[in-house]
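# Working through the structure, step by step
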Amino acid sequence: MNLELTDEQVALRDTTRRFLAAKAPVSDHVRPLLDDPIGTSDAVWRGLADLGTTGLLVPERHGGAGMTMVEAGIVAEELGAALHPGPWLSTAVAATRALTRLGAADAAAGLLSGIAKGTAVATVALPEGEGASVAASRQGVDVTLRGEIAAVADAAAADVLLALAEDDGGPGLFAVRTDGPGISIEPEPGIDQTRKRFRVALNAAPAQRLAASAPHDVAAVLDDVLIATAADALGAARAVLGSAVEYAKTRTQFGQPIGSFQAVQHLCVDMFETVELARSGVIHALWAADNAGADERHLAALRAKAFAGRLATVGDTAIQVFGGIGYTWEHDAHLYLKRLLSWSAFLGGPDRYLTELGARLAKRGKP
């Protein structure tokens, strides 16, 4: 595993960073969209597509770049640092990996091509969502879905919802048009306004069966989503750490920068250590997503999620460095903290992942 970025990967990172700084800054893009269910503008989404970021994981035969999770993680980290509120993770990672992992790429060739071009937005109803329960029924060649799914990311922005259900052919992956009959989408308010979550109700919604859904393939998709979201959280933690350190250099008390005080230095060092430890775990997990066996990949995803709570402390500690100004609505520190808290709660809190991680490592150590 190479821990150094290639020249092409550095160019991808720098280009994405410059684009977000120029076209989607927190002040002029993120904040105006905090209460917007879509979370992006046509211009910004088109810009991300023109950079090739929406099609990074789309196979080349469907118009994408055919790259790996490492490249996707590079973009995810920059989007996290910019607090990007749009449906990139849902479309470019979750939906794309669901289609390719479950063998639905050819059946959904048009959708994958649209994702790569930036003309289609998709999301996945992850099976771990609370209250997820979908049933499929078939009448001749027509398939419909019924049920309710909670915490579906970016459903209001999506053209297509991918859901897991079971019909006469067994468990499968189904596609539902969000503008079709029998589907309703209601927002689910959460602590993080840059994450758009929805409750989706399906009432005889017309659907297309795309592929069978073997449990090991579904588990791989869940790992991919956890790993990519960890990269997003890493970017948010890195950005708020950088802001706090710069503030400590320039904010003065008693005639000197607060960064000269040992207590503040300790806070900054603690944040730096947490971010860099997380970085090593995320880098390994991104590599493992495409190159390691199922067990190593899953362990890597578990580690990233199990220590999510530690990464969330970076936002809390940064606010301590900022002092009173960090608690105000006008300051961005609270937005970063909320982003990190939402990562900690994503698909369940860290405790269940710590328990599973410990059990797997203990079992591994037995003769």
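The rules behind each value
- Residues numbered from 1 in each chain as written.
- Predicted model: local features only at pLDDT ≥ 70, side-chain atom pairs only at ≥ 80, totals over all residues.
- Heavy atoms only, no water.
- UniProt positions renumbered as here; feature names shortened; annotations may be inferred.
- Helix = DSSP H or I, 4+ residues; strand = E, 2+ residues; numbered from the N terminus.
- Domains from an automatic or database assignment.
- Contact = heavy atoms within 4.5 Å.
- Salt bridge = Lys/Arg side-chain N within 4 Å of Asp/Glu carboxyl O.
- Polar contact = N/O pair within 3.5 Å; in protein donor to acceptor, adjacent residues only side chain to side chain.
- Nonpolar A, V, L, I, M, F, W, Y, C, P; charged D, E, K, R; others polar.
- Core = buried A, V, L, I, M, F, W, Y, C linked by side-chain atoms within 4.5 Å.
- Buried < 20%, exposed > 50% of the residue type's maximum accessible area, 1.4 Å probe, protein only.
- 1 Å grid on protein atoms, 1.4 Å probe; cavity = no way out; pocket = protein on both sides within 12 Å on 5 of 7 lines; lining within 4 Å.
- Points joined across faces, edges and corners; volume = space filled by probe spheres on them.
- Phe/Tyr/Trp six-rings, centres within 6.5 Å; stacked < 30°, edge-to-face > 60°.
- Lys NZ or Arg CZ within 6 Å of the ring centre and 35° of its normal.

## Details of the UniProt feature "domain: Acyl-CoA dehydrogenase/oxidase C-terminal" (unreviewed entry) in the protein chain
Taken from the UniProt record, the annotation "domain: Acyl-CoA dehydrogenase/oxidase C-terminal" (unreviewed entry) applies to residues 227-356. Structurally, residues 227-356 comprises 78% helix and 3% strand, and the distance from its first C-alpha atom to its last is 16 Å.

## Notes on the domain arrangement of the protein chain
On domain assignment, one finds that the protein chain holds domain 1 (7-121), domain 2 (124-213) and domain 3 (216-365). Here the C-alpha centroids of domain 2 and domain 3 sit 30 Å apart. In this complex, domain 2 contributes 11 residues to the contact, which on the side of domain 3 involves 13 residues. If you look at where domain 2 meets domain 3, you find 1 salt bridge. Between R195 and D232 there is a salt bridge whose closest N-O contact spans 2.8 Å. Run the count over domain 2 and domain 3 and you get 3 residue pairs in polar contact (both at pLDDT 80 or more). Considered class by class, the residues forming the side of domain 2 that touches domain 3 number 4 nonpolar, 3 polar and 4 charged.

## Let's talk about the nonpolar core
Core analysis: the largest hydrophobic core is formed by 104 residues, its most contacted members being M69, W88, L99, L111 and L162. Leaving out residues up to four positions away in the same chain, M69 has contacts with L57, V93, R97, D224, I227, A228, L286, A289 and D290. Core analysis: the second largest hydrophobic core is formed by 19 residues, A125, V143, V152 and A165 among them.

## Some points on the pattern of salt bridges
Where charged atoms from two side chains of opposite charge approach closely, those side chains can pair. For the coordinates displayed, the defined rule picks out 22 salt bridges. One salt bridge connects E148 with R199, and the closest N-O pair in it is separated by 3.3 Å. Placement of E148 in strand β3 (residues 142-153) and of R199 in strand β7 (residues 197-212) is noted, with a sequence separation of 51 residues between them. In this structure E148 comes out as partly exposed when scored by relative accessible area, which is 40%. The salt bridge involving E356 is made with R360; its shortest N-O contact spans 3.1 Å. Taken together, the residues E356 and R360, both in helix α12 (residues 350-365) and 4 residues apart, mark about one turn of the helix. Taking the relative accessible area as the measure of exposure, R360 reaches 34% and is therefore partly exposed.

## Concerning empty space enclosed by the protein
Evaluation of the coordinates by the stated rule reveals 2 cavities of 30 Å³ or more. Volume-wise, the largest cavity comes out at about 70 Å³. Lining the largest cavity are A98, L102, V124, L126, P127, L164, L173, V218, V221 and L222. With 3 residues, the top contributor of residues to the lining of the largest cavity is helix α7 (residues 215-250). By volume, the second largest cavity amounts to about 40 Å³. Among the elements of the structure, α7 and α11 (333-345) are those that each provide at least two residues to the lining of the second largest cavity. Of the residues assigned to the lining of the second largest cavity, the class counts are 3 nonpolar, 2 polar and 4 charged.

## A word on the environment of L302
Of note, L302 is situated in helix α9 (residues 294-306). Along the primary structure L302 and L354 are separated by 52 residues, whereas in three dimensions their C-alpha atoms are 7.5 Å apart. Ignoring any residue separated from it by four or fewer positions in sequence, one finds L302 in contact with Y353, E356, L357 and R360.

## Focus: the packing of aromatic side chains
Throughout the structure, instances matching the rule amount to 2 aromatic pairs. Plain terms: the ring middles of Y247 and F322 are 5.1 Å apart, the flat faces sit at 55° to each other, and that makes the pair tilted. On the criterion of sequence distance, the pair formed by Y247 in helix α7 and F322 in helix α10 (residues 308-322) is long-range, its members being 75 residues apart. Residue Y247 shares its accessibility class with F322, and that shared class is buried. Here the basic side chain of R31 rests over the ring of W329, its NZ or CZ set 5.6 Å away from the ring centre. Directly above the aromatic system of W343 lies the positively charged group of K305, at a separation of 4.8 Å from the ring centroid.

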